[in-house]
Amino acid sequence: MPTRTEIIAFDDSPPPPGADPWVPGAAPGTGIEMTEPDPGWPQRYEELAARIREVLGWRVLQLDHVGSTSVPGLPAKPIIDIDLVVADPGREQDYVPALEAAGFTLVIREPWWYGHRALRADEPPRSNLHVFGFDSPEPVRHRIFRDWLRGNPDDRDRYADIKRQAASEANARGEHVMEYNARKEQVIREIYQRAFAAAGLLQE
C-alpha cells in the first residue's frame, strides 16, 4: 500500500530520455468533446466492469469508476474512466491479451510512472482503462478526488468551469488531450489540497 507521503506527493518527472509513453500506432487525440452530465454513465461503468471481471477474474485486485463520469452533475468527455489494480502491471501477459479479447486496446505504457498502462475501448461504451499496481498512490488519489467532488458542490462546479474553459481553449488551438489536461492542472491541484487537508493527510 502507498504511504501518506506518496499519496500527497505528485510525480511530475518527465519520461526518461528517448522514452515515449504511447505504444506504436497510438497517439493523443484532438477535438475535446465535452458533454453535459449523463445519468446513464454509472450503468455504462457497470457494463464495462462486468466485462473486465469476466475476462480477468481474480486478477482484478480492485476496480473503480473514476474521473468526471463518476461524479453526478459534472460535465465530461463521454468516456468512462476506470482504474484497474493488478498484482504487477509490468506482467502485461497476465491481463493485456484477455482485455484485448474483450475489446480493449493497449495505448500507453509508462513503467517509469507507477507502472501505469492504459487501454482504450472505442466501441460503446467508450472507456479509458488505467492499470496500476497495488502499491501505486494514483488510484488512491483518484478515489479521494472523486469522493471530494461528490460531496462538495462548490469544488465540483469550479472543476466544471475549468473543464469547459480548457476544452474550449484546447479546441480553438488544435491541442491534444494531454494539453487539455495540463490546462486543468492548477485547479485540480488546489482541489486536491483541500481534499487532502480534510482527510487529515497533510498532518504530520
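Since we're looking at a predicted model, the values are computed, not measured.

The rules behind each value
Residues numbered from 1 in each chain as written. Predicted model: local features only at pLDDT ≥ 70, side-chain atom pairs only at ≥ 80, totals over all residues. Heavy atoms only, no water. Salt bridge = Lys/Arg side-chain N within 4 Å of Asp/Glu carboxyl O. Helix = DSSP H or I, 4+ residues; strand = E, 2+ residues; numbered from the N terminus. Buried < 20%, exposed > 50% of the residue type's maximum accessible area, 1.4 Å probe, protein only. Pairing = 2+ DSSP bridges. Axes fitted to C-alpha atoms, helices over the stretch in contact; angles between N-to-C directions. Contact = heavy atoms within 4.5 Å. Phe/Tyr/Trp six-rings, centres within 6.5 Å; stacked < 30°, edge-to-face > 60°. Lys NZ or Arg CZ within 6 Å of the ring centre and 35° of its normal.

### Topic: the pattern of salt bridges
Per the counting criterion, the structure on display carries 19 salt bridges. Residue arginine 189 pairs with aspartate 12 through a salt bridge whose shortest N-O separation is 2.8 Å. With arginine 189 in helix H6 (residues 177-199) and aspartate 12 in the loop between helix H1 (4-8) and helix H2 (41-56), the pair connects residues that are 177 residues apart, well separated along the chain. A relative accessible area of 22% places arginine 189 in the partly exposed class. For arginine 143, the salt bridge goes to aspartate 64, with nearest N and O atoms at 3.6 Å. Here arginine 143 is found in helix H4 (residues 138-151), whereas its partner aspartate 64 is found in strand S1 (residues 62-66), with 79 residues between them in sequence. Given the relative accessible area of 14%, aspartate 64 is considered buried. Taken together, the shared-partner salt bridges connect Asp64, Arg143, Arg146, Asp147 and Arg150 into one network.

### Observations concerning the sheet that holds S1
Overall, mixed pairing links the five strands, which are arranged S1-S2-S5-S4-S3 in an open sheet. Looking at strand neighbours, the two that pair on one side only are S1 and strand S3 (105-110), the edges of this open sheet. Taking each pair of neighbouring strands and ignoring which way they run, the sheet shows an average axis angle of 20°. The strands touched by H4 are S1, strand S2 (80-86) and strand S5 (127-133); relative to S1, the strand with the most contacts, the crossing angle is about 40°.

### A look at the packing of aromatic side chains
Applying the stated criterion across every chain yields a total of seven aromatic pairs. Taken together, a centroid distance of 4.9 Å and an interplanar angle of 40° make the contact between phenylalanine 145 and tyrosine 192 tilted. One end of the pair, phenylalanine 145, is in helix H4; the other, tyrosine 192, is in helix H6, with 47 residues separating them in the sequence. Here the two residues phenylalanine 145 and tyrosine 192 agree in accessibility, since each one is buried. Linked through ring pairs, Phe10, Phe145, Tyr159, Tyr192 and Phe196 together constitute an aromatic cluster. Sitting above the plane of the phenylalanine 10 ring, arginine 189 keeps its charged end 4.0 Å from the centroid.

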